[in-house]
Structures are given as structure tokens and as C-alpha cells.
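# Breakdown of the fold
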Amino acid sequence: MLITELIFATNNVNKVAEIKAVVGTQLEVISLKDAGIDIDIAEPHDTLEANASEKSFVIHTLTGKNCFSEDTGLEVAALNGAPGVKSARYAGDGRNFQANIDLLLKNLENHTNRSAQFRTVVSLIWDEKEYLFEGICKGHILQQQSGANGFGYDPVFVPEGATKTFAVMSMEEKNQYSHRKKAISQLVAFLQQHL
Ligand code: IMP
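Residues numbered from 1 in each chain as written. Predicted model: local features only at pLDDT ≥ 70, side-chain atom pairs only at ≥ 80, totals over all residues. Heavy atoms only, no water.

## A few points about the pattern of salt bridges
Evaluation of the coordinates by the stated rule reveals 13 salt bridges. The salt bridge involving Glu18 is made with Arg180; its shortest N-O contact spans 2.6 Å. Residue Glu18 is located in helix H1 (residues 13-23), and its partner Arg180 is located in helix H5 (residues 179-194); the two are separated by 162 residues in the primary sequence. Take Arg180: its relative accessible area is 2%, and that puts it in the buried class. (Salt bridge = Lys/Arg side-chain N within 4 Å of Asp/Glu carboxyl O. Helix = DSSP H or I, 4+ residues; strand = E, 2+ residues; numbered from the N terminus. Buried < 20%, exposed > 50% of the residue type's maximum accessible area, 1.4 Å probe, protein only.)

Shown next, in the form of C-alpha cells:
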């Protein structure tokens, strides 16, 4: 059953597809493209929380509507939490997925501790108030990449409890483990309580 519609403040088509698969028919997720909004929102802050807030407030100010955004980082233990909030631009402003993976594998070359986690922060603006939700997926980084599905660091990340990378999984399989799914499920639960 549809509980409401919400604008999702992102231009990342992979994120839109993943979240639509999670919420099913409970929530109508409207991408910026579908809302006719052509804007590249900056992520200037040094926390995922602040960047997520920035994105949802920008879209709320523009549309006056309820909306949400998310910011995600890959936090690698041996690199003291890097690339973290800088995950998209780890290898430079080009936001190149392959260059980011290459740099990550290079920086981990001499490390036996391959532990890492994806952390997603969702900022929801609902009736003029902001609510934050967090989702974490623990796992490890492989020595070399495997698979071609998904995006970003998916080809080198194996979630705890799995034996293959996110990039070898279907979207449905990825969503059994995913950080983003965990955060969005909390958003859905919140809306179910507040409607
Ligand atoms: P963003 O700033 O939230 O768009 O994401 C930062 C970067 O983290 C992206 O450019 C991707 O490289 C990476 N990232 C975010 N979510 C995922 C994911 O689910 N899988 C793999 N990489 C991701």
C-alpha cells in the first residue's frame, strides 16, 4: 500500500533503483530527474550527516515538499576510516569509480587488515522537521576486483556473511546486506508510524 510520495535528492540512478527496489509499492520515490530538477548539489562538508542534510534542505527549499537524501562513505579500518566522506572524490574531482578503486587497492597493498564498512546517513525532511537515519554494512576489501554490477566500490567489497562482492550480486541480493537498505527501512518504518 502506498504511504506517501517523496522526492529523493540524488542524481545517482543506481541509488534510485536500489531504493525503489527496497520500498516497493510502500513509497513513491521521485528522482530529481522525474521531478524536473536539474541541479548538482554540492557535498562540501566533512561528515556524511552534514552532506545529507545539505542535499535535502536544498531540495526542500527549492520545492517546498517533503524529501530525503542520503550520503554514503566507505570506511576502511586500516586507513583510519578513509575514504569515508571523501569516497566519491578519493582519487580526484573526476569522481571516477575505477580510479577510486585503483587508489584504494594501492593504499591497502601492505595491509593484512582488510576490514571495512559502508555507512549511509539518510536525511528526511518531513513536515518541516529533519530526521536522520543510519545504516551500516560491515565487510572486507578484496585484493582485486570481481564483478561488474552495481557502482562505486562494489567490485572490491564483500559484505559479512557473503563470499562474493556486491558487484557479483543482483540488486536484490545486495539489498539483503546493504547499508542503504538498512537506513531506508528505518525511514519507511518512521513514515508508517507518523502517517
Ligand atoms: P555519495 O557521495 O553518497 O554519492 O557516495 C560516495 C561514493 O561512495 C560514491 O561515489 C561511490 O563511489 C561510493 N558508494 C556509495 N554507495 C555505494 C555502494 O552502495 N556501493 C559501492 N560504492 C558506494
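## Some thoughts on the nonpolar core
If you look at the biggest cluster of nonpolar residues, it comprises 19 residues, and the most contacted ones within it are Leu74, Val76, Leu104, Ile141, Tyr153, Val156 and Phe157. Take this core: its biggest share by element is 3 residues, from helix H3 (residues 97-107). Residues contacting Tyr153, with those up to four places away along its chain left out, are Leu74, Pro83, Ser87, Tyr90, Asn100, Ile101, Leu104 and Phe118. (Core = buried A, V, L, I, M, F, W, Y, C linked by side-chain atoms within 4.5 Å. Contact = heavy atoms within 4.5 Å.)

## So, the packing of aromatic side chains
Scanning all chains against the criterion turns up 7 aromatic pairs. Ring geometry for Phe8 versus Phe68: centroids 4.5 Å apart, planes at 5 degrees, classification stacked. Here the residue Phe8 occupies a position in strand E1 (residues 4-8), and Phe68 occupies one in strand E3 (residues 67-76), the gap between them amounting to 60 residues. An identical accessibility class is assigned to Phe8 and Phe68; each is buried. Aromatic side chains Tyr131 and Phe190 sit 4.4 Å apart centroid to centroid with 45 degrees between the ring planes, which places their arrangement in the tilted category. Linking Tyr131 in strand E6 (residues 129-141) with Phe190 in helix H5, this pair joins segments that are 59 residues apart in sequence. (Phe/Tyr/Trp six-rings, centres within 6.5 Å; stacked < 30°, edge-to-face > 60°.)

## Examining the site of the ligand
As a matter of local geometry, the ligand sits amid 16 residues, with Lys15, Asp154, Lys174, His179 and Arg180 nearest to it. Within the side chain of Asp71, a nitrogen or oxygen atom sits 2.9 Å from an oxygen atom of the ligand. At 2.6 Å, a side-chain N or O of Arg180 approaches a nitrogen atom of the ligand. For the shell around the ligand, the secondary structure elements donating two or more residues are E3 and H5. Broken down by element, the residue count for the shell around the ligand peaks at 3 residues, all from E3. Partitioning the shell around the ligand into residue classes produces 5 nonpolar, 4 polar and 7 charged. (Near = heavy atom within 4 Å. Polar contact = N/O pair within 3.5 Å; in protein donor to acceptor, adjacent residues only side chain to side chain. Nonpolar A, V, L, I, M, F, W, Y, C, P; charged D, E, K, R; others polar.)

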